[in-house]
Amino acid sequence: MNKAGLTELNAVIAIARRGTFRAAAIDLDMSTTALSLAINKLEANLGVRLFNRTTRSLSLTGAGRLFVEQVGPALQDIHGALEAVRSERDTPSGTIRINAAPFAAREIISPLVLEYLRRYPDMVVDIVTEGKLVDIVADGFDIGVRVAGLVPTDMITVALGRPQRYAVVASPKYLEKHGTPLVPPDLLSHQCIRVRLPDGAIFRWRFEKDGETAQIDVRGQIILDEASLARVAVLEDTGIGFFMEQSVLADIEEGRLIRILNDWTPPFPGLCLYYPGRRNLSAGVKAFLALARVHATAQAR
């Protein structure tokens, strides 16, 4: 009788999710050789190939897609059951997988994640940062961290307390040469660093003051999809940038960048954790959420 263990099943789902053997092996904390052997063993047992593999590409076969569709949800239930049993321990143990925007990960790493690990030394926190919004359930994450307005409506949220702000900045040299915009429409006569969103659209800069709102389709010679690259461009006097405040606060404080249109960027609801309500939460996730609520309460005071 053909048999497959959790290692082989986890291997297929991880490779399908990450797109490469190398990335999946890192997620699973195993070597690429061991991962390849696990897939070969499973394919031999099933009598079908699950992946089309060449030296340059990797894709699921028809059988592989069917496998992921059918086995993926069942495997999540199995892991949920295992975590439920582990939760009977006095001290949480296991791994929490968190997906977060890069700036969001920086916000939670010191006050929340490191404190959590000090309290629960048997836990591991695996954080994956990416700009695009992902389906945390389908991609195997326990928790997501995003700005409140981006969280899917079917998720349960835990506000992290502190509001967020945007910051419009430019280098002193750029402003000396081109002048300082005084109201949002002035940006249309300047070089601006444009940002492409995960869905392919170009981000429109949003402003608000005394009940008046404006969304500006800025112009510029460069389009980027990563805030850290946009920051480099602004520091190199290329143009004006629009960032989450915490991404450029040190540059502002140390004079490398100058903040403009400050009165047009009021605070808005900040970061929150979110998670699916229909899944049984492990003891580790419950403890993390409890600490997050304590942290949020302290921030709000």
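As a reminder, the structure under discussion sits directly above these lines.
The notes below deal with the structure included here. Source: prediction; values computed, not measured.

### Concerning the nonpolar core
Looking at soluble globular proteins, one finds that nonpolar side chains tend to be buried together. Counting 47 residues, the largest nonpolar core has W205, F207, I240, L273 and F288 as its most contacted members. Of the residues forming this core, the biggest block, seven residues, is contributed by helix 5 (residues 102–119). Aside from chain neighbours lying at most four places away, what touches F207 is V168, P184, L187, E212, T213, A214, I216, F242, L261, W264 and T265. One finds L9, I13, I39 and F51 within the second-largest nonpolar core, a separate group that totals 17 residues.

### Overview of the pattern of salt bridges
Summed over all chains, the structure comprises eleven salt bridges. Between R53 and E43 there is a salt bridge, with the nearest N and O atoms lying 2.6 Å from each other. Of the two residues, R53 sits in strand 1 (residues 51–53) while E43 sits in helix 3 (residues 32–46), which places them ten residues apart along the sequence. The buried category is assigned to E43, whose relative accessible area is 7%. For the salt bridge of E115 with R118, the shortest nitrogen-to-oxygen distance reads 3.3 Å.

### Focus on the sheet that holds strand 13 (residues 258–260)
Spatially, three strands are ordered 12-7-13 in an open sheet, and the strand pairing comes out antiparallel. Each edge of the open sheet carries a strand with a single partner, namely strand 12 (241–244) and strand 13. Shown here is a sheet whose adjacent strand axes are inclined to one another by a mean of 50 degrees, direction ignored. Both strand 7 (residues 166–170) and strand 12 contribute to a ladder of four bridges, which runs antiparallel. For Y166, the partnering residue across the bridge sits in strand 12 and is M244.

### Topic: the sheet that holds strand 4 (residues 123–129)
Spatial strand order, 4-3-5-14-6: five strands in an open sheet with mixed pairing. The strands lining the two open edges of the sheet, one partner per strand, are strand 4 and strand 6 (155–159). With strand direction ignored, the average angle separating the axes of adjacent strands in the sheet is 25 degrees. The pairing of strand 3 (residues 94–100) with strand 5 (residues 143–147) spans three bridges and is parallel. Its bridge partner being in strand 5, N99 is matched across the sheet by G144.

### Concerning the packing of aromatic side chains
For any pair of aromatic rings, the description consists of the separation of the ring centres together with the inter-plane angle of the planes. Scanning the entire structure with this criterion turns up nine aromatic pairs. Summarising the aromatic geometry, the rings of Y116 and Y120 are spaced 5.1 Å apart at their centres and angled 50 degrees between planes, so their arrangement reads as tilted. Taking relative accessible area as the criterion, Y120 reaches 21% and is therefore assigned partly exposed. When the centroid spacing of 4.7 Å and the interplanar angle of 40 degrees are considered together, the rings of Y166 and F242 count as tilted. With Y166 in strand 7 and F242 in strand 12, this residue pair connects regions lying 76 residues apart in the sequence. Take F242: its relative accessible area is 9%, and that puts it in the buried class. A network of ring pairs unites the aromatic residues Y166, F203, W205, F207, F242 and F268 as a single cluster. Looking at R97, its charged tip hangs above the ring of F141, at a distance of 4.3 Å from the centre.

Parameters and conventions
- Residues numbered from 1 in each chain as written.
- Predicted model: local features only at pLDDT ≥ 70, side-chain atom pairs only at ≥ 80, totals over all residues.
- Heavy atoms only, no water.
- Core = buried A, V, L, I, M, F, W, Y, C linked by side-chain atoms within 4.5 Å.
- Buried < 20%, exposed > 50% of the residue type's maximum accessible area, 1.4 Å probe, protein only.
- Helix = DSSP H or I, 4+ residues; strand = E, 2+ residues; numbered from the N terminus.
- Contact = heavy atoms within 4.5 Å.
- Salt bridge = Lys/Arg side-chain N within 4 Å of Asp/Glu carboxyl O.
- Pairing = 2+ DSSP bridges.
- Axes fitted to C-alpha atoms, helices over the stretch in contact; angles between N-to-C directions.
- Phe/Tyr/Trp six-rings, centres within 6.5 Å; stacked < 30°, edge-to-face > 60°.
- Lys NZ or Arg CZ within 6 Å of the ring centre and 35° of its normal.

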